[in-house]
2 protein chains.
Amino acid sequence: MREVAIIGIGQTPVDEHWDKSLRELATDAILQALGDAQRDRVDGIFVGNMMSGILSRQENLGTLIADWAGLRGVEAFKVEAACGSGAAAVHLGVMAIASGYMDSVIVMGAEKMTETSMAETTAALATAADADFEGDHGVSFVSLNALIMQRYLYEHKWKHTDFAQFSINAHENAMGNPNARLQDRISVAEYRTARMICDPINLLDASPTGDGAAALILVPLEGLRSNGQPRIVIAGSTAATDSIAIHDRKDGLWLSAAYTSARKAYGQAGIQPEDVDLFELHDAFSIMASLSLEACGFAERGQGPRLALDGEIGSAGRIPIATRGGLKARGHPVGATGVYQIAEIVQQLRGESGKNQIPDARVGMAQNIGGSGSNIVTHILKSV
Amino acid sequence: MREVAIIGIGQTPVDEHWDKSLRELATDAILQALGDAQRDRVDGIFVGNMMSGILSRQENLGTLIADWAGLRGVEAFKVEAACGSGAAAVHLGVMAIASGYMDSVIVMGAEKMTETSMAETTAALATAADADFEGDHGVSFVSLNALIMQRYLYEHKWKHTDFAQFSINAHENAMGNPNARLQDRISVAEYRTARMICDPINLLDASPTGDGAAALILVPLEGLRSNGQPRIVIAGSTAATDSIAIHDRKDGLWLSAAYTSARKAYGQAGIQPEDVDLFELHDAFSIMASLSLEACGFAERGQGPRLALDGEIGSAGRIPIATRGGLKARGHPVGATGVYQIAEIVQQLRGESGKNQIPDARVGMAQNIGGSGSNIVTHILKSV
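Treat the numbers as computed from the prediction; the structure is a model and nothing was measured. (Residues numbered from 1 in each chain as written. Chains lettered and ligands numbered in written order. Predicted model: local features only at pLDDT ≥ 70, side-chain atom pairs only at ≥ 80, totals over all residues. Heavy atoms only, no water.)

Chemist: How would you summarise the overall build of chain A if you had to cite specific residues and measurements?
Modeler: Within chain A, the secondary structure is distributed over 13 helices and 11 strands. Here the C-alpha radius of gyration of chain A, 19 Å, is about what a compact globule of 384 residues would show, namely 21 Å. Summarising its shape, the C-alpha atoms of chain A cover approximately 55 × 45 × 40 Å along the three principal directions. Out of the 384 residues belonging to chain A, those deemed buried represent 68%. Here the contacts in chain A between residues at least 6 apart in sequence split such that 77% fall between residues at least 24 apart. On chain A, roughly 12,600 Å² of surface is accessible, and the fraction owed to carbon and sulfur atoms is 48%. (Helix = DSSP H or I, 4+ residues; strand = E, 2+ residues; numbered from the N terminus. Rg over C-alpha atoms; globule rule 2.2 N^0.38 Å. Buried < 20%, exposed > 50% of the residue type's maximum accessible area, 1.4 Å probe, protein only. Contact = heavy atoms within 4.5 Å. Areas by Shrake-Rupley, 256 points an atom, 1.4 Å probe, with all protein chains shown as cover.)

Below is the structure:
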């Protein structure tokens, strides 16, 4: 199995890009990444995207993006795993390089969510749930997460306010990230009084959607020169699933797919949770940040909010999370999110994160969640 | 790079399955394939599907199918490359095994097309074209293929009737395939007088859509015992793209992505076109059968119909095609088609094709086309 390195990254700002179509956003990210890697051609492209068929009436998206970005002829595929589509595309690209079938690939995510009405977008997002047994009952993604959070508050005896630091930390970090959608500081008072969306989830528990695209260039590590920069390797690349519907889980407060994929990733990378210098987790809702920290071994069960309250998730804490704003403040263009997470870790490992820089970061972990925890992809990056 | 073997296949009949949902069809194919392989667990599943988001309001399809088929926990992804989605899923599964990341996978395709109105299904199929520059002008997939066929008739001076043998051969072969949608013999007279769909394409030039699912079990060849059956290896697995829009091609009558992916596949397998014992090609429309034969080296440019007229595409001919009915008569549940093609080749190499058996078949080739030739995946199978 060949080791895989990341030699280029590209990210568009996450925003309402009314002047750019999906293909244009994707091309912007690709050209940035190719420029960063000083390459002009790859063997294949893997595009993570969830909703282009529904929201843009465009399938065959891999082909379209390859064509539009000037890469006509290369192998091209769209990969879908709901909101985990981006990291899923990275994972499949890693296997393409590791197998020897390809010597260079673009792995990317792209999503266009703001050209349609909020109702259409919300309905499209609900296709990540079980259409027959959840979607048909009118469930939305906020409501599924609200069910989980409500139960968590009851079981583990936290108050809603105890989750404030997840959002405050994310917003604080986003102010150092020019690609972030929400670059404003928020207070505990603002968190407590934010508009209710779906009890107990309020506006400041939820990540904003948006349009965006991010891309990485992968090549085999072997033979790669460092050129003065640290070489970044993908030391762990894994995925796992759970039941698609939350009512089918024995325990709705345990992300078993996060646990399984993280444990596999630690094994591949030969590390323990305490070796991780930063963790880009899937804080689509604040409850998900807590559950991820628990499933991945950074907090005991039911104790995720404790880490946040103790300041351990900040840049000087035990496990810095959402270091460039996370989903909560960088934004969550769903199929692209998993690739933003990894691009942000590359910036940390390169020491290019400005005021968000985690000192001496050598190991970063990213976890991207599809559905209500049903499809979870974990990556561990190291600088070598 | 590990060599990859196919040890199990499953196929549902292609039909209007009004009593079965997408997940049920997929599960039927998976259970058949697992039974055939005498396995009950795999490391991952790759689901080729084009339109579940639009037609069934269901994304996160890999997770759903893994869950429903009793494989909760395994890695699961949906792969989309328009009508080439099925073979694309196979290709990515091959890389997963070859890389060493997985030791067993299900690669499959599933599509449900008959629960929605013809207008909805036709519009969904058009998402394989360029939404902004083709789809928005009202183009459908029949009309794109009609443009190509019209030009072909003009350039190469064939009459429409000269294509009759492609459809007659496919229908003849489907009568030996219990999974085929159209199991009836047709005559030249019926072909000539069939209802016009989009000039010059008539009803008997076009493949029927349908609901269906097909699955394969892949494992490393190394250590695999033959158990009295020939071992079937994937000796070539490749893809290539062209412009998504046909107006962007220098030559609309040349499938450059078919040429490129076939040439790469011949190279991987160490064979020439004359070594291929049967060719499951993408005869979604009769013109596509002709163009594939030409691009893959079985006919000179413009001479595809000659092969058909000379009887060379039949089971005793130089290059048997559509040996179990092809898209034209087995049917074309789009995201599943590429997997049916490969399952049918496995049956031929195992000698399990009944009255359709190609004597002493040792090498089979499958080619699955997404869009109007924009994304083409080629596989070569050998018995060893």
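There's more to say after this.
Chemist: Please provide a residue-by-residue account of the relation of the copies chain A and chain B, values included.
Modeler: A rotation about an axis combined with a shift along that same axis relates the two copies of the chain. With an RMSD of 0.0 Å, chain A superimposes on chain B once it is rotated by 180° and translated 0.0 Å along the axis. The transformation relating the two chain copies, once decomposed into turn and shift, fits a two-fold axis. For chain A, the smallest separation between a C-alpha atom and the rotation axis is recorded for Ser99(A), amounting to 1.8 Å. Comparing interface residues between copies, 100% of those in chain A also lie at the interface in chain B; the contact surface is shared. (Least-squares fit on C-alpha atoms with pLDDT ≥ 70 in both.)

Chemist: Would you mind going over the packing of helix α6 (residues 141-156) of chain B against helix α10 (residues 286-295) of chain B in detail, with residue names and values included?
Modeler: Residue and element names in this part refer to chain B. Running from N to C, α6 and α10 point in directions that differ by 65°, and their axes come no closer than 9 Å. Relative to α10, α6 is oriented so that their crossing is left-handed. Contacts between α6 and α10 involve Asn-145, Ile-148, Met-149 and Tyr-152 from the former and Ser-286, Ile-287, Met-288, Ser-290, Leu-291 and Glu-294 from the latter. (Axes fitted to C-alpha atoms, helices over the stretch in contact; angles between N-to-C directions. Left-handed = near helix turned anticlockwise from the far one by under 90°.)

Chemist: Could you give an account of the environment of Ala299(B), naming the residues involved and the relevant values?
Modeler: Residues and elements named next belong to chain B. Inspection of the secondary structure assignment puts Ala-299 in the loop between α10 and α11 (304-309). Of the residues examined, Ala-299 reaches a relative accessible area of 13% and is grouped as buried. Between the alpha carbons of Ala-299 and Gly-62 there is a distance of 39 Å; along the sequence they are 237 residues apart. Residues within four places of Ala-299 in sequence aside, it is in contact with Leu-293, Glu-294, Gly-304 and Leu-307.

Chemist: Describe the packing of aromatic side chains, naming the residues involved and giving the relevant values.
Modeler: Counted under the stated rule, the structure contains 12 aromatic pairs over all chains. Geometrically, the ring pair formed by Tyr152(B) and Phe163(B) is edge-to-face, given 5.8 Å between the ring centres and 70° between the ring planes. One end of the pair, Tyr152(B), is in helix α6; the other, Phe163(B), is in the loop between α6 and α7 (164-174), and 11 residues separate them in sequence. You'll find Tyr152(B) and Phe163(B) in the same group, each marked buried. Centroid distance Phe279(B) to Phe298(B): 5.2 Å. Interplanar angle 35°. Geometry classified as tilted. With Phe279(B) in strand β9 (residues 278-280) and Phe298(B) in the loop between α10 and α11, this residue pair connects regions lying 19 residues apart in the sequence. Since its relative accessible area comes to 0%, Phe279(B) is described here as buried. Members of the aromatic cluster, connected to one another through ring pairs, are Tyr152(A), Phe163(A) and Phe166(A). Here Arg23(A) stacks its cationic end above the ring of Trp68(A), 4.7 Å away from the centre of that ring. (Phe/Tyr/Trp six-rings, centres within 6.5 Å; stacked < 30°, edge-to-face > 60°. Lys NZ or Arg CZ within 6 Å of the ring centre and 35° of its normal.)

Chemist: Run through the interface of chain A and chain B, naming residues and quoting values.
Modeler: Between chain A and chain B, the residue contacts involve 63 residues of the former and 63 residues of the latter. Buried area between chain A and chain B, summed over both chains or domains, comes out near 4,900 Å², and the portion from carbon and sulfur atoms is 55%. The interface formed by chain A and chain B holds 6 salt bridges in total. Between Glu75(B) and Lys264(A) there is a salt bridge; the shortest N-O distance is 3.0 Å. Across the chain A-chain B interface, the total number found is 38 residue pairs in polar contact (both at pLDDT 80 or more). Broken down by secondary-structure element, the contributors of at least two residues to the side of chain A that touches chain B are α2 (52-56), α3 (61-68), β3 (75-80), α4 (85-99), α5 (118-125), β8 (232-241) and α9 (256-269) of chain A. Here the side of chain A that touches chain B gets 8 residues from one element, more than from any other, and that element is α4(A). (Buried area = accessible area lost by both parts, 1.4 Å probe. Salt bridge = Lys/Arg side-chain N within 4 Å of Asp/Glu carboxyl O. Polar contact = N/O pair within 3.5 Å; in protein donor to acceptor, adjacent residues only side chain to side chain.)

Chemist: Give a description of the nonpolar core that names residues and reports values.
Modeler: Counting residues in each nonpolar core, the largest one holds 178 residues, and the members touching the most others are Ile45(A), Ile106(A), Met108(A), Leu293(A), Phe298(A), Leu293(B) and Phe298(B). Among the elements that take part in this core, helix α1 (residues 22-37) of chain A stands out by supplying 8 residues, more than any other. With residues up to four places along the chain from it excluded, the contact list for Ile106(A) reads Ile30(A), Leu34(A), Val42(A), Gly44(A), Ile45(A), Phe46(A), Leu71(A), Ala215(A), Leu216(A) and Ile217(A). Residues Ala98(A), Ala239(A), Val377(A) and Ile6(B) belong to the second largest nonpolar core, which totals 84 residues. (Core = buried A, V, L, I, M, F, W, Y, C linked by side-chain atoms within 4.5 Å.)

Chemist: Residue-level account of the pairing of β3(A), with values.
Modeler: The element β3(A) is extensively covered by neighbouring structure, given that 6 of its 6 residues are classed as buried. Judged by which residues are buried, β3(A) turns out to be covered on both faces: Glu75(A), Phe77(A) and Val79(A) on one side and Ala76(A), Lys78(A) and Glu80(A) on the other are all buried. As paired elements, strand β2 (residues 44-48) of chain A and β3(A) share 5 bridges and run parallel to each other. Bridging across to β3(A), Phe46(A) finds its partner in Phe77(A). Pairing geometry for β3(A) and strand β3 (residues 75-80) of chain B, over 3 bridges, is antiparallel. (Pairing = 2+ DSSP bridges.)

Chemist: Lay out α9(A) with the relevant residues and their values.
Modeler: Residues and elements named next belong to chain A. Compared with an ideal rise of 1.5 Å per residue, which puts 14 residues at 20 Å, α9 spans 20 Å between its outermost C-alpha atoms and is within 8% of the ideal. Within the span of α9, buried status applies to Ala-257, Ala-258, Ser-261, Ala-262, Ala-265, Tyr-266 and Ala-269. Each buried residue of α9 lies within a common arc of 155° when the element is viewed along its axis, so the set occupies one face. Every exposed residue of α9 that faces more than 90 degrees away from the buried side is listed here: Arg-263 and Gly-267. Tucked inside the fold, the buried residues of α9 contact β8, α10 (286-295), β10 (363-370) and β11 (375-383). (Expected span 1.5 Å × (residues − 1). Arc of directions from axis to C-beta.)

Chemist: Outline the pattern of salt bridges, listing residues and values.
Modeler: Applying the stated criterion across every chain, the model contains 38 salt bridges over all chains. Measuring nitrogen to oxygen at the nearest pair gives 3.4 Å for the salt bridge that ties Asp242(A) to Arg249(A). The same class applies to Asp242(A) as to Arg249(A), namely buried. Close ionic contact of Arg72(B) with Asp67(B) constitutes a salt bridge, the shortest N to O distance being 2.8 Å. Connected through salt bridges with shared partners, the residues Asp15(A), Glu16(A) and Arg181(A) form a single ionic network.

Chemist: Explain the side chain of Ser286(B) to me, and be specific about the residues and the numbers.
Modeler: All names here are of chain B. Tracing the backbone through its elements, the reader meets Ser-286 in helix α10. A distance of 2.6 Å separates the side chain of Ser-286 from the side chain of Asp-205, its partner in a polar contact. When residues no more than four places from it in sequence are discounted, the contact partners of Ser-286 are Met-149, Phe-163, Phe-166, Tyr-191 and Asp-205.

Chemist: Residues and numbers for the confidence of the model for chain A, please.
Modeler: Per-residue pLDDT for chain A averages 97, and the proportion of residues at 70 or more is 100%. As a predicted assembly, this complex carries a pTM of 0.98 together with an ipTM value of 0.98. (pLDDT = per-residue confidence, 0-100.)

Chemist: Any details on the state of the cysteines? Residues and values, ideally.
Modeler: Residues and elements named next belong to chain B. Counted according to the given criterion, the structure contains 0 disulfides over all chains. The cysteine Cys-83 is free of any disulfide, with Cys-198 supplying the nearest cysteine sulfur at 16 Å. Under the relative-accessibility criterion, Cys-83 is labelled buried at 9%. (Disulfide = S-S within 2.5 Å.)

Chemist: Pulling in residues and values, what's your account of the environment of Gly354(A)?
Modeler: Of note, Gly354(A) is situated in the loop between α13 (334-350) and β10. For Gly354(A), a relative accessible area of 56% puts it in the exposed group.

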